[in-house]
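# Coordinate inspection notes
What follows is the residue order along each chain.
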Amino acid sequence: MPASTFAIAATPVLVLAFGAAGLVQVIAPGFVRRAYRRWGLRPQQHRAIGTLQLLTAAFLAVPNTRLWGVILAGLLNFFVVVMLLKNREYGWALPGLALQVVLWPALLLAATV
């Protein structure tokens, strides 16, 4: 599969991933609230993180703003993975690391638009 084809296929996956994660954070079911409490984060911080994830998904979905979406996605994902590793949530950090790898083709695609 050529790199450009992979990048084109990766972009909708990223939009769905960040959109779904953002919705889960904003809705904040019990397991999200318990995790935030366990990690010592503020009770309403999930809303800010969820809003940033939804904004990232929106930026990634639009070709003109995709570069900003990739940059925001990389920053958000980096901090989330670091937080998960710090709290010894290794199983949850693996998908974040995989997502970080998928950001590279999307970055290349965004740079060519």
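Residues numbered from 1 in each chain as written. Predicted model: local features only at pLDDT ≥ 70, side-chain atom pairs only at ≥ 80, totals over all residues. Heavy atoms only, no water.

## Regarding unusual backbone geometry
Even without being a glycine, alanine 28 presents a positive backbone phi close to 55°. As for its placement among the helices and strands, alanine 28 is situated in the loop between α1 (3-27) and α2 (30-38). Although it is not a glycine, arginine 88 adopts a positive phi angle of roughly 55°. Looking at the secondary structure, you find arginine 88 in the loop between α4 (66-86) and α5 (90-112). (Helix = DSSP H or I, 4+ residues; strand = E, 2+ residues; numbered from the N terminus.)

## Some thoughts on the confidence of the model for the protein chain
Summing up the model confidence of the protein chain, the mean pLDDT is 85 and the portion of residues at 70 or higher is 87%. Per-element confidence in the protein chain ranges from a low mean pLDDT of 77 for α5 to a high of 93 for helix α3 (residues 45-61). (pLDDT = per-residue confidence, 0-100.)

## Section: the side chain of arginine 66
Considering the arrangement of structural elements, one finds arginine 66 in helix α4. The buried charged residue arginine 66 lacks any salt bridge, with glutamate 89 as its nearest oppositely charged partner at 31 Å. Side-chain polar atoms of arginine 66 contact the backbone oxygen of leucine 60, separated by 2.8 Å. (Buried < 20%, exposed > 50% of the residue type's maximum accessible area, 1.4 Å probe, protein only. Lys, Arg positive; Asp, Glu negative; His and termini not counted. Salt bridge = Lys/Arg side-chain N within 4 Å of Asp/Glu carboxyl O. Polar contact = N/O pair within 3.5 Å; in protein donor to acceptor, adjacent residues only side chain to side chain.)

## Things to note about α4
Compared with an ideal rise of 1.5 Å per residue, which puts 21 residues at 30 Å, α4 spans 30 Å between its outermost C-alpha atoms and is within 8% of the ideal. Positioned one or two residues after α4, arginine 88 has a phi angle of 55°, which is positive. (Expected span 1.5 Å × (residues − 1).)

## Structural notes on a positive patch on the surface
Residues Arg33, Arg34, Arg37 and Arg47 make up a contiguous surface patch of positive charge. Ranked by residue count, the leading element in the positive patch is α2, at 3 residues. On the secondary structure map, arginine 37 appears in helix α2. With relative accessibility at 60%, the residue arginine 37 sits in the exposed group. (Patch = residues over 30% accessible without salt bridge, like charges linked within 9 Å, V, L, I, M, F, W, Y side chains within 5 Å. Areas by Shrake-Rupley, 256 points an atom, 1.4 Å probe, with all protein chains shown as cover. Charge placed at Lys NZ, Arg CZ, Asp CG, Glu CD.)

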